[in-house]
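Architecture at a glance
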Amino acid sequence: MAENTDDDLNSNLLHAPYLTGDPQLDKAIEQWLRWDKGMYKYLERCFSDFKQRGFVVGYDTRGQVTSSCSSQRLAKLTAAVLLARDVPVYLFSRYVPTPFVPYAVQELKAVAGVMITASHNRKEDNGYKVYWETGAQITSPHDKEILKCIEECVEPWNGSWNDNLVDTSPLKKDPLQDICKKYMEDLRKICFHRDLNSKTTLKFVHTSFHGVGHDYVQLAFQAFGFKPPIPVPEQKDPDPDFSTVKCPNPEEGESVLELSLRLAEKENARIVLATDPDADRLAVAELQENGRWKVFTGNELAALFGWWMFDCWKQNNSNADVKSVYMLATTVSSKILKAIALKEGFHFEETLPGFKWIGSRIKDLLGHGKEVLFAFEESIGFLCGTSVLDKDGVSAAAVVAEMASFLETRKVTLTEQLTKVYEKYGYHMSKTSYFLCYDPPTIKTIFERIRNFESPKEYPKFCGPFAILHVRDITTGYDSSQPNKKSVLPVSKNSQMITFTFQNGCVATLRTSGTEPKIKYYAELCASPGQSDTTLLEEELKKLIDALVESFLEPSKNGLIWRSV
């Protein structure tokens, strides 16, 4: 269902009809059909023109056609439920990147759409990503109301598991060719140096991590005027078992990029691009002069994207009002865009973690005549321009290639340009990691202890030797930096999230994951442009993180498992 929801939809399930011969699969399919029924009921209530405008369905490559619960089969079941109720369905005939669904919802003026994907998570996590008519992921109240409708559906409609309608109904349309063509045409809105791109001597290696990205990144490069990137042959084609990687998540860094880095060295390519299995996120690595590879963090890439998108905007809009320009980031992400905005005069805004909040806010800004150049979240999720209102690894890959090619004409690498950005706007040293915790009561105890640290309802004033200036608690809505002590960000009672602002300029957040048994920490030391001793800054950040972990998380006492283990 909706991303980041904590609701358990497994209760009160009836035994499914005989569908696959496997009781567990039958039960899973029955649950899926209840979701479809609940979705239909809610959309019927919200849109009087539902049966004129239709619904978009996309899917990734999980299970392919060999599994009864493959993404493709689940997509067909979803389409069949709606087609049986005379709803036009735009069902992609082939797997697509997640960004294609929100793009199609807006382009086709559909009431909503779903992407069926597990991304890099376990196949058991396969589910909906739901997009509203705005093209942004659903937020409250839609997510809660859809769940209510699902819970009211005790069982699916009779015959819901018959997906033959997908092959016979005149209401089913395949948007693949038109949407792919229009998406690639719209990519040119964020392409600024097509002539340079066609002449570049740089080579790029791309891995799609056994997912959907290969063909679409090839087309995006073509739209930008590039020669095709060199694919990693072992990872080019879809493989739901991810046979060449231990973890199909490019955010994990060099350890999972082994094949692409070795291929790049063989092909004399300096840049490696990696899209995750549903191609909505992007990792980037660059070969250094010492022969080692630098895998950029999401925050570092955001510094480069922010500089690039504003610089290109400035070159092409010399007479435009910079005060109408915006960039956005989630609150756990680097504050580098804020620093750039303060110096350059455009606006910067924060949202809660999750691109559903970014997409929703961008739609509001566009409705008020504003221009949004770039948005990101630190977990390598980037959005350049506003053709799509969700993170997009396909377009981001093409933009990085153009940025690197432009810098190459000036004999500057991405790493060198990152240093230039930090020298101009201030170094932003960040560190993100997590602990595994499989016991929800322990997680609750950890966060309740912070809220009642030295006495009831008193947050800590120190973390080890580091003085705390402000505390913001998204779970309760408390923010000590506000005159009324209330957070300006929405309250999120179903998750744990506390942010500390320290006297030394560091900002650190502890939060739980919406989809995994993790306690994550995010810490960043924001220095002024004059501070250039990066060694001292890194040492200070390390000391603060050590204090944060020991003082607030107490991993040994609470049995937390460190990420590296």
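Everything below is about the structure printed above this text.
**Focus: the overall build of the protein chain**
The helix and strand inventory of the protein chain stands at 19 helices and 22 strands. Counting only C-alpha atoms, the protein chain reaches 70 × 65 × 45 Å along its principal axes. Counting all 565 residues of the protein chain, 57% fall into the buried class. Sequence-distant contacts in the protein chain: of pairs separated by 6 or more residues, those separated by 24 or more amount to 70%. Of the roughly 24,000 Å² of accessible surface on the protein chain, a fraction of 48% belongs to carbon and sulfur atoms. Mean positive and mean negative side-chain charge positions of the protein chain (67 and 75 charges, respectively) differ by 3 Å.

**What about the pairing of strand β11 (residues 325–330)?**
The two faces of the sheet receive side chains in turn, since in a regular strand these alternate between them. Of all the six residues making up β11, six are buried; the element is thus mostly covered by neighbouring parts of the structure. Here β11 shows a buried face lined by Val325, Met327 and Ala329 and a second buried face lined by Tyr326, Leu328 and Thr330. Across five bridges, the pairing between β11 and strand β13 (residues 371–377) is parallel. What sits directly across from alanine 329, in β13, is phenylalanine 376. Where β11 and strand β12 (residues 347–351) come together, five bridges link them in parallel fashion.

**Examining the sheet that holds β12**
Pairing is mixed across the open sheet formed by four strands, whose spatial order is β12-β11-β13-β14. Where the open sheet ends on each side, the last strands, each with one partner, are β12 and β14 (381–384). Ignoring which end each strand starts from, the neighbouring axes of this sheet average 15 degrees apart. Most of the contacts of helix α12 (residues 298–316) go to β13, to which it runs at about 170 degrees, and overall it touches β11, β13 and β14.

**What to know about the environment of phenylalanine 466**
Take phenylalanine 466: it is sitting in strand β17 (residues 466–473). Judged by relative accessible area, which is 11%, phenylalanine 466 ranks as buried. Here phenylalanine 466 is in contact with Lys461, Phe502, Asn504, Glu540, Lys543, Leu544 and Ala547, once residues within four sequence places are set aside.

**Some remarks on the packing of aromatic side chains**
Evaluation of the coordinates by the stated rule reveals 29 aromatic pairs. Measuring from centroid to centroid gives 5.1 Å for phenylalanine 47 and tryptophan 132, while their planes differ by 45 degrees, and the two rings are tilted. Taken together, the residues span a long stretch of sequence, with phenylalanine 47 in the loop between α1 (23–46) and α2 (50–53) and tryptophan 132 in strand β4 (residues 127–132) at a distance of 85 residues. Plain terms: the ring middles of phenylalanine 100 and tyrosine 216 are 5.1 Å apart, the flat faces sit at 70 degrees to each other, and that makes the pair edge-to-face. Taken together, the residues span a long stretch of sequence, with phenylalanine 100 in helix α4 (residues 100–108) and tyrosine 216 in helix α9 (residues 213–223) at a distance of 116 residues. We classify tyrosine 216 as buried; its relative accessible area is 2%.

**Points about the sheet that holds strand β2 (residues 89–91)**
Here five strands make up an open sheet; going across it, the order is β4-β3-β1-β2-β5 and the pairing mixed. Strands at the two margins of the open sheet, each flanked by one partner only, are β4 and β5 (172–173). Here strand β3 (residues 112–117) runs beside β4; their pairing, made up of six bridges, is antiparallel. Of the residues in β4, the one forming a bridge with threonine 117 is glycine 127.

**Here's the deal with the pairing of strand β6 (residues 204–207)**
Of the two faces of β6, the one lined by Phe204 and His206 and the one lined by Val205 and Thr207 are each fully buried. Across four bridges, β6 lies against strand β8 (residues 271–275) in parallel orientation. The partner of valine 205 across the bridge, within β8, is valine 272. Relative to strand β7 (residues 230–231), β6 runs parallel, the two being bridged by two bridges. Opposite valine 205, over in β7, you have isoleucine 230 as the bridge partner. Once the chain exits β6 it traverses α9 before rejoining the sheet at β7, and the crossover so formed is right-handed.

**Details of the nonpolar core**
Of all hydrophobic cores here, the largest spans 182 residues; its most connected members are Phe55, Phe305, Phe374, Phe382, Leu414 and Phe500. For phenylalanine 374, the contacting residues outside a window of four places in its chain are Ala302, Phe305, Gly306, Met309, Tyr326, Met327, Leu328, Leu337, Phe382, Leu383 and Cys384. Core analysis: the second largest hydrophobic core is formed by six residues, Leu352, Ile474, Leu489 and Met497 among them.

**Things to note about the layout of surface pockets**
The rolling of a water-molecule-sized probe over the atoms marks out the regions of remaining empty space. What the second largest pocket holds in volume is close to 540 Å³. Lining the second largest pocket are 27 residues, with Lys335, Lys338, Glu350, Thr501 and Val507 positioned closest to its centre. For the lining of the second largest pocket, the class distribution of residues is 13 nonpolar, eight polar and six charged.

**Let's talk about unusual backbone geometry**
In this chain, serine 140 is followed by proline 141 through a cis amide linkage whose omega measures 10 degrees. Phi at alanine 279 is positive, roughly 60 degrees, even though this residue is not glycine. Following the sequence through the fold, alanine 279 ends up in the loop between β8 and β9 (282–287). Owing to a relative accessible area of 0%, alanine 279 belongs among the buried residues under this scheme.

**As for helix α16 (residues 414–425)**
Taking 1.5 Å of rise per residue, the twelve residues of α16 would be expected to cover 16 Å, and the 16 Å separating its terminal C-alpha atoms lies within 8% of that figure. Inspection of α16 places Leu414, Thr415, Gln417, Leu418, Val421, Tyr422 and Tyr425 among the buried residues, and these make up the whole buried set. Across the axial projection of α16, the buried residues extend over an arc of 160 degrees, all falling on one side. Count one or two residues on from α16 and you reach glycine 426, which has phi positive near 105 degrees.

**Observations concerning the environment of tyrosine 103**
Relative to the assigned elements, tyrosine 103 resides in helix α4. What makes tyrosine 103 buried here is its relative accessible area of 2%. Spatially, the C-alpha atom of tyrosine 103 lies 7.9 Å from that of isoleucine 179, the residues being 76 residues apart in sequence. When neighbours within four sequence positions are excluded, tyrosine 103 is seen to be in contact with Ile179, Lys182, Tyr183, Asp186, Ser387 and Val388. A polar contact of 3.4 Å, which involves the side chain of tyrosine 103, links it to the backbone nitrogen of tyrosine 183.

**Some details on the packing of helix α13 (residues 336–344) against α16**
The interhelical angle for the contact between α13 and α16, taken along N-to-C directions, is 60 degrees, at an axis separation of 10 Å. The orientation of α13 relative to α16 falls into the category oblique. The two elements α13 and α16 meet at a crossing, and its hand is left-handed. Taking contact as the criterion, the partners of Ile336, Ala339, Ile340, Lys343 and Glu344 in α13 are, on α16, Tyr422, Lys424 and Tyr425. Residues that form the contact of α13 with α16 fall into these classes: five nonpolar, no polar and three charged.

Definitions and limits used
- Residues numbered from 1 in each chain as written.
- Predicted model: local features only at pLDDT ≥ 70, side-chain atom pairs only at ≥ 80, totals over all residues.
- Heavy atoms only, no water.
- Helix = DSSP H or I, 4+ residues; strand = E, 2+ residues; numbered from the N terminus.
- Buried < 20%, exposed > 50% of the residue type's maximum accessible area, 1.4 Å probe, protein only.
- Contact = heavy atoms within 4.5 Å.
- Areas by Shrake-Rupley, 256 points an atom, 1.4 Å probe, with all protein chains shown as cover.
- Lys, Arg positive; Asp, Glu negative; His and termini not counted.
- Charge placed at Lys NZ, Arg CZ, Asp CG, Glu CD.
- Pairing = 2+ DSSP bridges.
- Axes fitted to C-alpha atoms, helices over the stretch in contact; angles between N-to-C directions.
- Phe/Tyr/Trp six-rings, centres within 6.5 Å; stacked < 30°, edge-to-face > 60°.
- Right-handed = clockwise from strand over helix to strand, strands pointing away.
- Core = buried A, V, L, I, M, F, W, Y, C linked by side-chain atoms within 4.5 Å.
- 1 Å grid on protein atoms, 1.4 Å probe; cavity = no way out; pocket = protein on both sides within 12 Å on 5 of 7 lines; lining within 4 Å.
- Points joined across faces, edges and corners; volume = space filled by probe spheres on them.
- Nonpolar A, V, L, I, M, F, W, Y, C, P; charged D, E, K, R; others polar.
- Expected span 1.5 Å × (residues − 1).
- Arc of directions from axis to C-beta.
- Polar contact = N/O pair within 3.5 Å; in protein donor to acceptor, adjacent residues only side chain to side chain.
- Parallel < 35°, antiparallel > 145°, perpendicular 65-115°, else oblique.
- Left-handed = near helix turned anticlockwise from the far one by under 90°.

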